[in-house]
Amino acid sequence: SAVISQKPSRDICQRGTSLTIQCQVDSQVTMMFWYRQQPGQSLTLIATANQGSEATYESGFVIDKFPISRPNLTFSTLTVSNMSPEDSSIYLCSGTGGGTEAFFGQGTRLTVV
Amino acid sequence: GDSVTQMEGPVTLSEEAFLTINCTYTATGYPSLFWYVQYPGEGLQLLLKATKADDKGSNKGFEATYRKETTSFHLEKGSVQVSDSAVYFCALRDGSGNTGKLIFGQGTTLQVKP
């Protein structure tokens, strides 16, 4: 199974600023995803991170707000831009390889004040 | 579209009690089914999975059977421990395409008291 290292684990940010979250996988994965988990809620898919091309966003999420990069098969970043208190959530990256299951990073707990 | 529905929580049990967390799904095609667990302050860990009808996934004393006729994947454990206190998520992965996306249920919080 793949191990995904995600950082930072938590941060407190001022509104109007941006935060970049990084995920590093210890082996090559076919697909990488970014999810948001709002307080007390389930996980919602933000986008699929495509290697070397623009991410594929789900309905309700846009590139200007959540730019994503994936320069290679083991690394991806998510930026939360122009933050507001409504962006306070846990953000998780995920990867899938040859099997059916997905592996998750530890999550980034973001608080916007 | 595809969806997953879990029983609402929180579920509060005494140690050594029997646990059932219900999960039903709606999907086209033949999805793979998963249970993930989230301990306080941590990310998600895969607990068990099943990829086809009648498969039984098991791990750490937890079991779930893929029931196509009832579109269910209920999680069970015969004797829970305090350390099992966590949030449990049922999820499916679309089997018809190759998107790799997971669709999650709303999560069920389990509290086990000594």
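Our subject is the structure that appears above.
What counts, and at which threshold
Residues numbered from 1 in each chain as written. Chains lettered and ligands numbered in written order. Predicted model: local features only at pLDDT ≥ 70, side-chain atom pairs only at ≥ 80, totals over all residues. Heavy atoms only, no water. Disulfide = S-S within 2.5 Å. Helix = DSSP H or I, 4+ residues; strand = E, 2+ residues; numbered from the N terminus. Pairing = 2+ DSSP bridges. Axes fitted to C-alpha atoms, helices over the stretch in contact; angles between N-to-C directions. Phe/Tyr/Trp six-rings, centres within 6.5 Å; stacked < 30°, edge-to-face > 60°. Buried < 20%, exposed > 50% of the residue type's maximum accessible area, 1.4 Å probe, protein only. Contact = heavy atoms within 4.5 Å. Buried area = accessible area lost by both parts, 1.4 Å probe. Salt bridge = Lys/Arg side-chain N within 4 Å of Asp/Glu carboxyl O.

## Some remarks on the state of the cysteines
All names here are of chain A.
Step number 1: Under the criterion given, the structure shown has 2 disulfides over all chains.
Step number 2: Bridging Cys 23 to Cys 93, the disulfide has an S-S length of 1.7 Å. On the S-S bond that ties Cys 23 to Cys 93, the torsion sits near -85°, and the link is left-handed. With Cys 23 in strand E3 (residues 19-25) and Cys 93 in strand E9 (residues 89-96), the pair connects residues that are 70 residues apart, well separated along the chain.

## Re the sheet that holds strand E7 (residues 68-72) of chain A
Strand pairing in a sheet relies on backbone hydrogen bonds. The paired strands run either parallel or antiparallel.
All names here are of chain A.
Step number 1: Strand order across the open sheet formed by 4 strands is E1-E3-E8-E7, with antiparallel pairing between neighbours. One side of each edge strand has no neighbouring strand; the edge strands of this open sheet are strand E1 (4-7) and E7. Within the sheet, the average angular offset between the axes of one strand and its neighbour, ignoring direction, is 15°.
Step number 2: Pairing of E7 with strand E8 (residues 75-80) involves 3 bridges; the strand directions are antiparallel. Looking across to E8, one finds that Asn 72 is bridged to Phe 75.

## Quick word on the packing of aromatic side chains
Step number 1: Tallying each qualifying case throughout the model produces 11 aromatic pairs over all chains.
Step number 2: Ring geometry for A:Phe66 against A:Tyr91: centres 6.5 Å apart, planes inclined by 45°, an arrangement best described as tilted. Note that A:Phe66 is positioned in the loop between strand E6 (56-57) and E7 and A:Tyr91 in strand E9, a separation of 25 residues in sequence. Taken as a pair, A:Phe66 and A:Tyr91 share a single burial class, namely buried.
Step number 3: Linked through ring pairs, A:Tyr35, A:Phe104, B:Phe34, B:Tyr36, B:Phe89 and B:Phe104 together constitute an aromatic cluster.

## Examining the interface of chain B and chain A
Step number 1: Contacts between chain B and chain A engage 21 residues on the former and 20 residues on the latter.
Step number 2: When chain B packs against chain A, close to 1,500 Å² is buried across both sides, 53% of that on carbon and sulfur atoms.
Step number 3: Of all residues in chain B, the largest losses of buried area upon contact with chain A belong to B:Leu44, B:Arg93 and B:Lys101, amounting jointly to 28% of the total for that side.
Step number 4: Here chain B is connected to chain A by 2 salt bridges.
Step number 5: Two residues, A:Glu58 and B:Lys101, come together in a salt bridge whose shortest N-O distance is 3.0 Å.

## Quick word on the pattern of salt bridges
All names here are of chain B.
Step number 1: For the structure on display, the rule yields 6 salt bridges over all chains.
Step number 2: The closest approach of N and O atoms between Lys 52 and Asp 55, which form a salt bridge, is 3.3 Å.
Step number 3: With a closest N to O distance of 2.8 Å, Lys 77 and Asp 84 form a salt bridge. Asp 84 carries the same exposure label as Lys 77, and that label is buried.

## Some details on the environment of B:Tyr25
Residue and element names in this part refer to chain B.
Step number 1: Summarising the element assignment, Tyr 25 is placed in strand E4 (residues 23-26).
Step number 2: The spacing of Tyr 25 and Leu 92 is 67 residues in sequence and 7.8 Å in space, taken between C-alpha atoms.
Step number 3: Other than its neighbours up to four places away in sequence, Tyr 25 contacts Ser 3, Val 4, Pro 31, Leu 33, Tyr 66, Arg 67, Lys 68, Thr 71, Ser 72 and Leu 92.

## Things to note about the environment of A:Val113
All names here are of chain A.
Step number 1: Looking at where Val 113 falls in the secondary structure, it is placed in the segment after strand E11 (108-112).
Step number 2: Along the primary structure Val 113 and Gly 16 are separated by 97 residues, whereas in three dimensions their C-alpha atoms are 9.6 Å apart.
Step number 3: Discounting residues that sit within four places of it in the chain, Val 113 has contacts with Ile 12, Cys 13, Gln 14 and Arg 15.

## Some points on unusual backbone geometry
Step number 1: Residues A:Lys7 and A:Pro8 are joined by a peptide bond in cis, for which omega reads 0°.
Step number 2: By the secondary structure assignment, A:Pro8 is in the loop between E1 and strand E2 (10-13).
Step number 3: The peptide bond linking B:Gly9 to B:Pro10 adopts the cis configuration, its omega dihedral lying at -5°.
Step number 4: Examined against the element boundaries, B:Pro10 turns out to sit in the loop between strand E1 (3-6) and strand E2 (11-14).
Step number 5: Of note in this structure, A:Asn82 is not a glycine but carries a positive phi near 45°.
Step number 6: For A:Asn82, the location among the structural elements is in the loop between E8 and E9.
Step number 7: For A:Asn82, a relative accessible area of 54% translates into the label exposed.
Step number 8: Even without a glycine there, the phi angle at B:Glu16 is positive, about 75°.

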